[in-house]
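Chains, contacts and geometry: an overview
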Amino acid sequence: MTSSPTLDASRLAKLREALLAASFTADGCLDLLGPTGYAALARSEAVPALRATRGGTPLETLVRLFLLQQPVSYAAAEAALPVADCLADGWLVADGGELRAAVDIRPYANEVAGLDSADAWVVSDLGCAVGGAGGIGSGETAAGVARKDLVLGVGGASTTLANLTVRRPVRSVLDLGSGSGVQALHAARHAQRVTATDLNPRALHFTRLTLALSGFEGAETVEGSLFEPVAGRKFDLIVSNPPFVISPGSRFVYRDGGMAGDGLCRSLVRNAAAHLEPGGYCHLLANWQHVKGEDWQDRLAGWVAGTGLDAWVVQRQVQDVAEYAELWLRDGGDHRGPGADYQARYAEWLDAFEAADVEGVGFGWITLRAGGAADPVVRVEEWPHPVEQPLGPHIERWFDRQDFLRAHDDAALLAAKYVLVDDVVQEQVGAPGAEDPEHVILRHNRGMRRATKVDTVGAGFVGVCDGTLPAGDIVDAIAQLLGEERVVLRDRVPESLRMLTEQGFIDPVTA
């Protein structure tokens, strides 16, 4: 069989019509498999889906072919697909008296991340479902394709990045390291022009297949490393799920960046400013080293320093070096090989970390914005707690609030009006029966789901914060009620106003 299907626009349209006719969509597969089977399939566990697809309907046939990589009869395939075209273009391959899929075609719908209700499909190599227990390439893979060049499908990282991205109509989007084209697929919904780059030419072909099969045309694909293919060009939005794995070699193009340590992610951050239009955003998933004797937050802030970009860096998880090595050795399927080979590769990872004084590796996301301010805001924090997706709208509002805070000194903050954000609730903590609570907690039910403790003044302020009075007037009224000096309270409150605004508990009322 061919290493990847041929892209023929007219026959792709017929294939798309067949998939839709059979309800081979995200909703259709969920209805067929049920929540349990659908969730198991996302974990690369096939048994529940095999049990649910024994009836021979066109949808069951397509699930068996493209999601479970099971052979089907010619008769069953012809009831679901234009078989002659699929064989000619390399979507299917004959195997004796049966047919097999040559690639993974996965229904994809993520309404909250910019795909609306449209049905789409992501095309990737067989045996490359992200998150499988056997490791990448553990199943049937494309014949004649080196494992290092395999193209992955949709995984948790893909959907996380899609949900983090600020979605608004823009002229141009760069999907850097496009892989199977998941981010380009989202970008095509809200951008006039989409450019996808990848070092792997095979990945660019899969990006084109994903977009064309999903009904999008005209995206530009350019081969090359990092920003090299788009030298001198700027974009309104840059998204990248890059090969961020900190590994001692470059075995897999999709994951290993080929630079020492976390140099690839640092390079992306350092060079993003040259490729962002004013007001443009750059969203990256990244790994970074925790180096002995260095504060990791200072280290990440150093990546951004001097770029002129506003930045919000969030660390979601930290693994020690052994746990990290084991994760990616399993991803590469090394645990299934000879024990001596596994131990040798494991030792190679640990040797590399030891030589670089690395104690652990952080996972997280980085958002950059070309805000144009002389004093960019750089926030680096750890937040391992659950968040509500999509986070993109909350991220955009966070940067908007930084603009407000940067433009307002203490006097201006007190002169401004604020409203309590709708999802905020107040919790009172204290001993049962006590007349007054020991603590008052404000908690977000959405977005980052933050919580913060406020004093009596803060609780009183947010309780009447409805946008009708300037903050200073509210503070004066609280001072009178509590019998405190008005001037003293006015001096103290702006710090709290900055914190409550920055964390999104209150929003300034703007024209």
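Refer to the structure printed above.
Residues numbered from 1 in each chain as written. Predicted model: local features only at pLDDT ≥ 70, side-chain atom pairs only at ≥ 80, totals over all residues. Heavy atoms only, no water.

A closer look at the overall build of the chain
Along its length, the chain carries 18 helices and 19 strands. Expected size for 511 residues packed as a compact globule is a radius of gyration near 24 Å; at 26 Å, the chain falls within 12% of this value. Principal-axis analysis of the C-alpha atoms gives the chain an extent of 90 × 55 × 55 Å. Looking at the chain as a whole, 50% of its 511 residues qualify as buried. In the chain, once contacts between residues fewer than 6 apart in sequence are set aside, the share between residues at least 24 apart is 71%. For the chain, the accessible area works out to roughly 22000 Å², and carbon and sulfur atoms hold 50% of it. (Helix = DSSP H or I, 4+ residues; strand = E, 2+ residues; numbered from the N terminus. Rg over C-alpha atoms; globule rule 2.2 N^0.38 Å. Buried < 20%, exposed > 50% of the residue type's maximum accessible area, 1.4 Å probe, protein only. Contact = heavy atoms within 4.5 Å. Areas by Shrake-Rupley, 256 points an atom, 1.4 Å probe, with all protein chains shown as cover.)

Thoughts on the packing of helix 17 (residues 471-482) against helix 18 (residues 486-502)
The geometry of helix 17 relative to helix 18 is characterised by a closest axis approach of 10 Å and an angle of 130 degrees between their N-to-C directions. The angle between the axes of helix 17 and helix 18 places the two elements in the oblique class. Along this stretch, helix 17 crosses helix 18, giving a crossing that reads as right-handed. Counted together, Ala 471, Gly 472, Asp 473, Val 475, Asp 476, Ile 478 and Ala 479 of helix 17 and Arg 486, Leu 489, Arg 490, Val 493 and Leu 497 of helix 18 form the full contact between these two elements. Residue composition of the contact of helix 17 with helix 18, grouped by class: seven nonpolar, one polar and four charged. (Axes fitted to C-alpha atoms, helices over the stretch in contact; angles between N-to-C directions. Parallel < 35°, antiparallel > 145°, perpendicular 65-115°, else oblique. Left-handed = near helix turned anticlockwise from the far one by under 90°. Nonpolar A, V, L, I, M, F, W, Y, C, P; charged D, E, K, R; others polar.)

Description of the sheet that holds strand 19 (residues 506-508)
If you trace the three strands from one edge of the open sheet to the other, you get 18-14-19, paired in antiparallel fashion. With partners counted over all chains shown, the strands left at the sheet margins are strand 18 (466-470) and strand 19, one partner each. If you compare each strand with its neighbour and ignore which way they point, the axes differ by 30 degrees on average. When strand 14 (residues 417-420) meets strand 19, the two strands line up antiparallel, connected through three bridges. (Pairing = 2+ DSSP bridges.)

Digging into the side chain of His 205
Inspection of the secondary structure puts His 205 in helix 9 (residues 201-213). Here the side chain of His 205 touches Pro 5 through a polar contact of 2.6 Å, landing on its backbone oxygen. With residues near it in sequence (within four places) discarded, His 205 still touches Ser 4, Pro 5 and Leu 7. (Polar contact = N/O pair within 3.5 Å; in protein donor to acceptor, adjacent residues only side chain to side chain.)

Observations concerning the sheet that holds strand 13 (residues 378-382)
Taken in spatial order, the eight strands make up an open sheet running 8-7-6-9-10-12-11-13, and their pairing is mixed. Whereas interior strands pair on both sides, the edge strands pair on one side only; in this sheet they are strand 8 (220-223) and strand 13. Taken over all neighbouring pairs, the strand axes of this sheet differ in orientation by 20 degrees on average, direction set aside. With five bridges connecting them, strand 9 (residues 235-240) and strand 10 (residues 276-291) associate as parallel partners. Pairing of Phe 235 across the sheet is with Leu 276, part of strand 10. The sheet strands contacting helix 9 are strand 7 (191-198) and strand 8, and the helix crosses strand 8 at an angle near 170 degrees. Against the sheet, helix 10 (residues 263-272) contacts strand 6 (170-176), strand 9, strand 10 and strand 12 (358-369), and its axis sits at roughly 155 degrees relative to strand 10.

Things to note about the pattern of salt bridges
This model, assessed by the stated rule, comprises 28 salt bridges. One salt bridge connects Arg 406 with Asp 403, and the closest N-O pair in it is separated by 2.7 Å. Remark: Asp 403 and Arg 406 occur in helix 14 (residues 392-406); sequence separation between them is three residues, near one turn of the helix. On the basis of relative accessible area, Asp 403 is assigned to the partly exposed category, the value being 30%. Between Arg 443 and Glu 427 there is a salt bridge, with its nearest N and O atoms 2.8 Å apart. Of this pair, Arg 443 sits in strand 16 (residues 439-444) while Glu 427 sits in strand 15 (residues 424-429), and the two are 16 residues apart along the sequence. The class for Arg 443 is partly exposed, based on a relative accessible area of 31%. It is possible to trace a salt-bridge network through shared partners that takes in Asp 310, Arg 369, Asp 403 and Arg 406. (Salt bridge = Lys/Arg side-chain N within 4 Å of Asp/Glu carboxyl O.)

Side note on a negative patch on the surface
A cluster of acidic residues, Glu 348, Asp 351, Glu 354, Asp 357 and Glu 359, forms a negative patch on the protein surface. For Asp 351, the position within the fold is in helix 13 (residues 339-355). (Patch = residues over 30% accessible without salt bridge, like charges linked within 9 Å, V, L, I, M, F, W, Y side chains within 5 Å. Lys, Arg positive; Asp, Glu negative; His and termini not counted. Charge placed at Lys NZ, Arg CZ, Asp CG, Glu CD.)

Focus: the side chain of Asp 104
Mapped onto the fold, Asp 104 is located in strand 4 (residues 104-108). Polar contacts involving the side chain of Asp 104 include one to the side chain of Arg 106, which spans 2.7 Å.

With respect to the pairing of strand 12
On a regular strand, each side chain points to the face opposite its neighbour's, so the side chains alternate between the two faces of the sheet. Strand 12 sits mainly inside the fold: 11 of its 12 residues count as buried. Bridge count for strand 10 against strand 12 is 11 bridges, and the pairing is antiparallel. Note that in strand 12 the partner of His 283 across the bridge is Thr 367. Pairing of strand 11 (residues 310-320) with strand 12, which is carried by 10 bridges, proceeds in the antiparallel orientation. Considered in strand 12, the bridge of Gln 315 is made with Gly 364.

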